[in-house]
Each structure stands twice: as C-alpha cells, then as structure tokens.
Amino acid sequence: MGLGKKFPKKIKKAGEKVTDKTKGAADKLVDKAEDAARRAHDIAEREAREARQRAKEAQARIEREAREAAAKLKAERERIEAEAQRRTLEKAQKAREAAEAAREKLEELPGEILNKGKASLRRLDVKTWPTRADGFKFPEMGDAILERRPNIGLAVSGGGTRSMALSLGYMRALSEQGVLDRTRYIGAISGGSWITVPYVYLPQGTTDAHFLGSNMPARELTVDRLSVLRPEDGLIAKCIAKSELLLPLLSGLATSALARAMSLSKVPFARIRFGLDDVDEQWGRALGGVFLRPFGADGNIYASWRKEHAQAIINRNTNILGQDRLSPSDFAVQMPDRPFLCVNGAMNQDAYLIPDDPQEKWRPLGWRSWEHFEFTPLYSGIHRLSRGAAKLNIGGGYIENVGMDTVFPVQKGDFLRVSPGLDHHRFSPQDMMAISGAAPAYITHGVGPVLRMLPAGAGNALGKLMDVMPKLRNWPIEFNGKPLVRERAFGDGGYVDNYGIVPLLKRKVDKIIVLINTDTALGRHETTVMGAKPQCDTFLHTLFGADTGPSASIGSPSDFLQPGRFLGRENGQVFDEAGLRPLLKGMIANREAGRPTFHRGTYVTRENRFFGIEAGHRCEILWIYNDLFESWYDMLPSQTRALFKGGAAPRRGLAKFPHLPTAATGSDAETAGIDLKLLKAFEQGGMASVINALDRIVDLDSYQVQLAASHSYAVATALRREIADLVGD
C-alpha cells in the first residue's frame, strides 16, 4: 500500500521534469525562430533600403543624362539655326551688293548712250562665210598652227554639272596621256561646254595641271578626303562643287528688275535702254559668274579666236557702241595651244511653223521646231540655207561673233555692214555656255507667250520670268533684198546633237573620242538596249536612225529627230542603222569582261542636210559610255563604298552613281515632293528659305565631284592603250 502511493508521486515528478524540459526546449526553439525572423527581417529591410537607394541613384543618373542630352540637342539646334541664319544673311548681302553694283553701273554709263540718234547710226563691218559659196570650207581650215595637229576630235556630251565632273576626270587623263595637246577639234554641248569653254579661254600661264588638277587614286578617297576640295583637285573642281547657279540667277533677275525700274524707256521721248534690264541675259551672266569669272573671261566681251583676228576686226571698225575705237580688252581671246572649239546650240523657228518634209502637215507646236546652231570662237551660224517646201531662208552660213545680235545687214564689198542697234549685246563666251546649256528653254519659250495672255499683273510677270533663257536677233547669211530680222529664242544644243559629235563629222574629223556622260544606265542584255523602250541613252538610236517607239521621249524638243515621230522624219541620222547593234553589243561585252563600258568601230557618214554633213566620210570612233567601272569601285575604302549602297540612306546623289541626275542631285528623300517642300519653306521663312532648300538639291558637292572625276579618270586610264592606238601614239 505504501509502495502504491510512492509510484504516482515519482511518476508525477518525472512527468513534471519532462514537461519542464520540453517547455524549455520549445521556448529555446521559439526564441531561435524569433531571432532568425528578426535577422531575416533586418536583412530584407536593409536590402530594400539599398534597392530603393540604387533605384533613386539610377533615376537621378537618367535624369541627369536626359538633361545633358537635351542641352546638347538644344545647343546643336541653335548652332544649326545660327548657321542657317548666317548663310541667309550672307546670300542676302550678296544680292544687295549685286544690286548696288548694278545701280552704280547704271549711274556711270557714258553720256553717248543717251544719244539715240547716234546709237541708231552706228555701223559695224563683219565677215561672213556662206556655205553655198564655191569651194566652201570652214574658216579655220588651212590655219597652219591648227593643221599641225592630227585630225583628232573629242566630243563632250551634255549633262549639266554631272557632265562637267565626269569630263574633268576624262580630260585629266587625256592631258596626262598627251592626247589633248594633239587634238584638233573639241565638240561640246551643255555641261560639256561649261568645262570646255573655260578650258580654251584660260588666261595665259594657266596650265592644265592648275585648271584640271591631279587625280586621287580610288583607294585614297576616304570619307574625310572627299569632304573637302584641295588646291591639287584643280581650279574648275571648286567651280563645279557648290556652284549654286540658282543664287546668281535670282540675283541677276533682281538686278534686271531694278535696272528696268530705273530705265528711261518709260519716258515718251527718250525710249533708251541701258542693257542691264534684259531678262534673257541673266542665265548667261549666272553661268559666266560661276564658271568664267575666276579666269577673267566673263562679262560683255566678244568671243574671239586669236589676237590677230580680234585686231583685224578692230582695224576695220571705228565708233562702235559709243567708243572711238574697239580695243583688245573688248575681246576674249582663246589660248593659242588649245583645240578649236565647236559648241552646239539650237535656234527656235516658231515664227513660221514650217516642217522640213513637204508632205508633212504644218506643225501646231512651233516651239518644238529647232535648228542646229553652231558657235565657235571665230564664227557662229546655221549651216543649211532653207527649210520646208517654201524654201524659207533660215541660215546658209556663218558670221563673225561681232555680228551676232545685230540688225540692218547691207552688203558692202567683201563685208556685211550691220548696226548693233540700241539693244546690242556682245556675243561672249558666257553666251555660248548659256545657249548650249539652256535645257529648259523649250518649256520657257513655249509657256511664256501663253502666260502673257493671262490678265495683266501675274500673267505678265510670269511671262517675263519665262524669258530668262537666251534670245538673240538673227537673220539669214544669204538673202536677197532686205532680210527678215527677228529676235529668236535659243535653246540647248542637246535638242539636236547631245554628244557634240555633229561639228566633228561636218569637218570630216578622222579619229573621234565620244564621251557619253549620260544619266541612263546601259541595260544588261542586248534585248534591253534595243526596241521600243531601250535601256540606254537614246541619242545613240537617233544617230543611227533606229526608231525608239512612240513612248520613248514624247514631250522632248528633240522628238522631231527620231524617225517615226509625229513631229518629224530622219533629221538626226548620220550613220547606217546596221551599225547600232554591234556598238551596243560591244559595250555590253566589254563591261561583262570587267573592262570599262566602251566600243571602238569604223563608220561611214550618210548625207544629212539638216546638219550639213556630207556622205561618204569614213571615221573611227571610240565611244565611252558612263557606266560603273567595277574595278574602280572595288578599290574604294569600305567606308566610302558604304556611301553608295550601304544602309537605307546612301549619300545624296550617289544611290545610282555614276548616273548622277542632270539637275536635282539630292537624294530621293530630298527631291521627292519638292514642290510641296518649297511651298512649306516659303511659308516658314520666305524666299531665303526657298533658296536654302534649292541649294541642297541642285548643287554637286565635293563628294560627287571628286568621285565622278576619279571614276572617269580610271576609265580613261584603263583605256590608255585603246586611246593610244586610236590617235596613233
């Protein structure tokens, strides 16, 4: 019984001990858990604080970088705006200076000009060369100095400043090869004349190296090198790059308006004009100021050949244009060691609307009736005598340049006596360039009369603006009784001969190099360069009388040269049609072989009375076509090649290199919708903004000039043996 009472107590005590131990262990576990929770909480809070601090610092850094970027963007925008404002102010200052110079010139004009009676009585004896005269030959033929050169000719095609830049490279190579020194004739048109006229009228002492510069190998044409022109690139390269022809043209138009406002022509009894208000001379003044003024050959001076020819004119004439005697300073004289230059132009026959073919109906659009007019330093004129079934006299010979733009021709012994009249403008080198490169003339001469039919005010103003392309008074060299003297519209020589080859064929040149500086890529296969829509320069088809189909060039003033055209027949054909296919196949084959795109062949002329070309003359021609020379392209630095085709935005004007546009040389993004862009520019900043917008489109920059010249130099160098074999070196 006592034992039974003992065990429960012991058991109870043991249970109490176990419970105490368990409770202590549990309390310890709870304490440890709480400590762990507190530590985890502290760690989480610390990490959260650190994360918040890092986020705050990141946000501050982003805000700081954004502020810095915004500040840089604002500074760059302000710099661009300041630069644009500076350019605008500079151009405005130039325009003001030009206007002030015109005002001063008007005030300084000699008093003799105010004497209308004296002006109307002045006379000038000039020499002419009728093409129907017995034994006719071109006036320069027989010149001992000229005929010491081999009978070699260079034809430089049209194409605006594209042709200038490409011709620069060709002429560099031909000069280094000694070909230019042996060339007898140069035939040029449009952009080709813009480089060849300055070339022949350089001042004494200016070498080819100074004018044309030296070549830069393709591998050295880095992006940095292309960004700037250097003296070794040549004097004419600087004239081509950033030529900004629009600015001097607009300045000239402003000066013309000022001179017209100051003229006494509004005074009833003193209808005297000072000569500065002739809108049709502004294009020539713009070209002369850009491409001739650096060489002292611009201005109102007569174009002449040699000093002895100018002196002969001076000796036979006195009291011309208010002076007691003409002086040598009134003449631009060609350098003695240059080829004889022949520049292509065209004269409009809109007064008669008479077609060439007696079976053809009278043309409803006379502004598309153009005659081939040729200009040289010694003489100018139309070769053929008459046109149409009516045998209307329109030319028939050549006249000394001092007789251009004159009136009242009367035969006096061996000379024609003419009057400069009140509005006489001396026919100058810049006039050759202006007429030969007047591509828009067929539009302006056609639209102007229509605009003048609109109500007074805007219609007359716009009509006058359409007169910006050249006009000269003209009369036929061969006439009976009193010839009809009219002021004629003149236009681009490319209307009738876009290669400059016709003057060479007329003079029966034996060896000819033709530079086809086209903007049209040559097709890849024979089938694409022949047919209704040929993938090549279609003036080749014209020369060979191949019909390009009714959709090839509708709207062009040279349509009447294409056989099958509704405005004409075969006026432009000079070679048999069978020669065209081998020429095109030969060019394609040479290109596929990794050589430049060229062909060399022998051709026999057909009679062409429109041009004055006789049948049966055999000549050898090297045709050089503007197409990408892959060997040159592969040698360019990789960064430079990226300017052509790299990425989505190639350098402006280089996407289709070397087929640079003739006028708008900006990128597709710059030229697309240009009419709306110019309107927006005018709304935002007036005429200054329009000028800036146009400058970005019509200029060739240093990249384009250097790349084009280097490319054509490489082509001519690769053809060195062909050229040497052709010219007989």
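On a predicted model such as this, the values are computed, not experimentally measured, just so you know.

1. Some words on the overall build of the chain
Right, on to step 1. Regarding its fold elements, the chain presents 24 helices and 19 strands.
Right, on to step 2. Across the 729 residues that make up the chain, the buried fraction comes to 51%.
Right, on to step 3. Residue pairs at least 24 apart in sequence account for 73% of intrachain contacts in the chain once pairs closer than 6 positions are excluded.

2. Re the nonpolar core
Right, on to step 1. Core analysis: the biggest nonpolar cluster contains 153 residues, and Ile-501, Leu-540, Phe-575, Trp-623 and Trp-632 have the highest contact counts within it.
Right, on to step 2. By residue number, the principal contributor to this core is helix 23 (residues 702–718), which donates nine residues.

3. Brief notes about the pattern of salt bridges
Right, on to step 1. With the rule as written, the count across this model stands at 26 salt bridges.
Right, on to step 2. Salt-bridge contacts for Glu-374 lead to Lys-506; the nearest nitrogen and oxygen are separated by 2.8 Å. Note that Glu-374 is positioned in strand 8 (residues 370–375) and Lys-506 in helix 15 (residues 502–506), a separation of 132 residues in sequence.
Right, on to step 3. Of the residues examined, Glu-374 reaches a relative accessible area of 0% and is grouped as buried.
Right, on to step 4. Between Arg-606 and Asp-576 there is a salt bridge; the shortest N-O distance is 3.7 Å. Here the residue Arg-606 occupies a position in the loop between strand 18 (598–604) and strand 19 (618–625), and Asp-576 occupies one in the loop between helix 17 (539–543) and helix 18 (580–592), the gap between them amounting to 30 residues.
Right, on to step 5. The exposure class of Asp-576 is partly exposed, given its relative accessible area of 44%.
Right, on to step 6. One continuous salt-bridge network, built from bridges that share partners, spans Lys-511, Arg-600, Glu-620, Glu-722 and Asp-725.

4. Topic: the sheet that holds strand 13 (residues 407–412)
Think of a sheet as strands paired side by side through backbone hydrogen bonds, with each pair either parallel or antiparallel.
Right, on to step 1. The antiparallel open sheet is built from three strands, whose spatial order is 1-14-13. Two strands in the sheet have a free side with no partner beyond their single neighbour: strand 1 (124–126) and strand 13. When strand polarity is set aside, the average angle formed by the axes of neighbouring strands in this sheet is 30°.

5. Thoughts on empty space enclosed by the protein
Right, on to step 1. In this structure the tally under the stated criterion is two cavities of 30 Å³ or more.
Right, on to step 2. Each pocket or cavity is described by its volume, and for the largest cavity that value is around 120 Å³.
Right, on to step 3. Contributing to the lining of the largest cavity are 15 residues, with Ile-399, Met-404, Asn-474, Trp-475 and Ile-477 lying nearest its centre.
Right, on to step 4. Those elements that provide at least two residues to the lining of the largest cavity are strand 9 (379–382), strand 12 (397–400) and strand 15 (471–474).

6. Side note on unusual backbone geometry
Right, on to step 1. Residue Pro-658 is reached from Phe-657 by a cis peptide bond, and omega for that bond is 5°.
Right, on to step 2. If you trace the backbone, Pro-658 turns up in the loop between helix 20 (638–645) and helix 21 (668–671).
Right, on to step 3. Even without a glycine there, the phi angle at Ser-190 is positive, about 55°.
Right, on to step 4. Of note, Ser-190 is situated in the loop between strand 4 (185–188) and helix 5 (191–200).

7. Some words on helix 10 (residues 282–292)
Right, on to step 1. With nine of its eleven residues buried, helix 10 lies for the most part within the structure.
Right, on to step 2. For helix 10, the set of buried residues is Gln-282, Trp-283, Gly-284, Ala-286, Leu-287, Gly-288, Val-290, Phe-291 and Leu-292.

8. Thoughts on helix 23
Right, on to step 1. Counted at 1.5 Å a residue, the expected span for helix 23 with its 17 residues is 24 Å, and the 24 Å between its end C-alpha atoms agrees.
Right, on to step 2. Counting buried residues in helix 23 gives 15 out of 17 residues, a clear majority hidden from the surface.
Right, on to step 3. Regarding helix 23, its N-cap is Asp-701, as a side-chain oxygen of that residue lies 3.1 Å from the backbone nitrogen of Tyr-703 further along.

9. Observations regarding the confidence of the model for the chain
Right, on to step 1. For the chain, per-residue confidence averages 78 on the pLDDT scale, and residues scoring 70 or more make up 70% of the total.
Right, on to step 2. When the criterion is pLDDT under 50, residues 550–555 qualifies, and its contacts beyond four places in sequence or with other chains add up to eleven contacts.
Right, on to step 3. Across residues 558–570, confidence stays below pLDDT 50; counting only partners more than four residues off in sequence or on other chains, it has 52 contacts.

10. Here we look at the environment of Pro-483
Right, on to step 1. On the secondary structure map, Pro-483 appears in the loop between strand 15 and strand 16 (486–492).
Right, on to step 2. Pro-483 sits 73 residues away from Val-410 along the chain, and the two C-alpha atoms are 9.1 Å apart.

11. Points about the packing of aromatic side chains
Right, on to step 1. Under the defined criterion, the tally for this structure stands at 29 aromatic pairs.
Right, on to step 2. Relative to Phe-490, the ring of Phe-375 has its centre 6.4 Å away and its plane inclined at 45°; by these criteria the two rings are tilted. Highlighted residues: Phe-375 in strand 8 and Phe-490 in strand 16, separated in sequence by 115 residues.
Right, on to step 3. Residue class for Phe-375 comes out buried when judged on its relative accessible area of 0%.
Right, on to step 4. Within the aromatic cluster, the residues linked to one another by ring pairs are Trp-129, Phe-136, Phe-138, Tyr-185, Trp-305, Phe-340, Tyr-379 and Tyr-398.
Right, on to step 5. The ring of Tyr-199 is capped by Arg-338, whose NZ or CZ atom sits 3.9 Å from the centre of that ring.

12. Some thoughts on the environment of Ser-193
Right, on to step 1. Considering the arrangement of structural elements, one finds Ser-193 in helix 5.
Right, on to step 2. Linking Ser-193 and Ile-435, residues 242 residues apart in sequence, is a C-alpha distance of 9.9 Å.
Right, on to step 3. When sequence neighbours within four positions are dropped, the list of residues in contact with Ser-193 reads Ala-188, Pro-198, Val-343, Met-433 and Ser-436.

13. Quick word on the packing of helix 5 against helix 10
Right, on to step 1. Remark: helix 5 packs on helix 10, axes separated minimally by 11 Å, with the N-to-C direction vectors making an angle of 60°. The angle between helix 5 and helix 10 places the two elements in the oblique class. In this structure, the crossing between helix 5 and helix 10 has a hand that is right-handed. Of the residues in helix 10, those in contact with Trp-194, Val-197 and Pro-198 of helix 5 are Trp-283, Leu-287, Phe-291 and Leu-292.
Right, on to step 2. Of the residues in the contact of helix 5 with helix 10, the class split is seven nonpolar, no polar and no charged.

14. Considering the side chain of Glu-374
Right, on to step 1. Within the structure, the side chain of Glu-374 is placed 2.8 Å from the side chain of Lys-506, a separation counted as a polar contact.
Right, on to step 2. Engagement of the side chain of Glu-374 in a polar contact is seen with the side chain of Arg-507, the distance being 2.3 Å.
Right, on to step 3. Sequence-distant contacts of Glu-374, defined by excluding residues within four places in its chain, comprise Cys-342, Val-343, Tyr-379, Ser-380, Gly-381, Tyr-398, Pro-503, Lys-506 and Arg-507.

15. Observations concerning the pairing of strand 7 (residues 340–348)
Residues in a regular strand project their side chains so that they alternate between the two faces of the sheet.
Right, on to step 1. Among the nine residues that make up strand 7, nine are buried, leaving the element largely enclosed by the rest of the structure.
Right, on to step 2. Of the two faces of strand 7, the one carrying Phe-340, Cys-342, Asn-344, Ala-346 and Asn-348 and the one carrying Leu-341, Val-343, Gly-345 and Met-347 are both buried.
Right, on to step 3. Taken together, the six bridges between strand 7 and strand 8 define a ladder with antiparallel strand orientation. Of the residues in strand 8, the one forming a bridge with Gly-345 is Phe-373.
Right, on to step 4. Bridge count between strand 7 and strand 16: three bridges; the pairing is antiparallel. Looking at strand 16, one finds that Met-347 is bridged to Phe-490.

How each quantity is defined
- Residues numbered from 1 in each chain as written.
- Predicted model: local features only at pLDDT ≥ 70, side-chain atom pairs only at ≥ 80, totals over all residues.
- Heavy atoms only, no water.
- Helix = DSSP H or I, 4+ residues; strand = E, 2+ residues; numbered from the N terminus.
- Buried < 20%, exposed > 50% of the residue type's maximum accessible area, 1.4 Å probe, protein only.
- Contact = heavy atoms within 4.5 Å.
- Core = buried A, V, L, I, M, F, W, Y, C linked by side-chain atoms within 4.5 Å.
- Salt bridge = Lys/Arg side-chain N within 4 Å of Asp/Glu carboxyl O.
- Pairing = 2+ DSSP bridges.
- Axes fitted to C-alpha atoms, helices over the stretch in contact; angles between N-to-C directions.
- 1 Å grid on protein atoms, 1.4 Å probe; cavity = no way out; pocket = protein on both sides within 12 Å on 5 of 7 lines; lining within 4 Å.
- Points joined across faces, edges and corners; volume = space filled by probe spheres on them.
- Expected span 1.5 Å × (residues − 1).
- Polar contact = N/O pair within 3.5 Å; in protein donor to acceptor, adjacent residues only side chain to side chain.
- pLDDT = per-residue confidence, 0-100.
- Phe/Tyr/Trp six-rings, centres within 6.5 Å; stacked < 30°, edge-to-face > 60°.
- Lys NZ or Arg CZ within 6 Å of the ring centre and 35° of its normal.
- Parallel < 35°, antiparallel > 145°, perpendicular 65-115°, else oblique.
- Left-handed = near helix turned anticlockwise from the far one by under 90°.
- Nonpolar A, V, L, I, M, F, W, Y, C, P; charged D, E, K, R; others polar.

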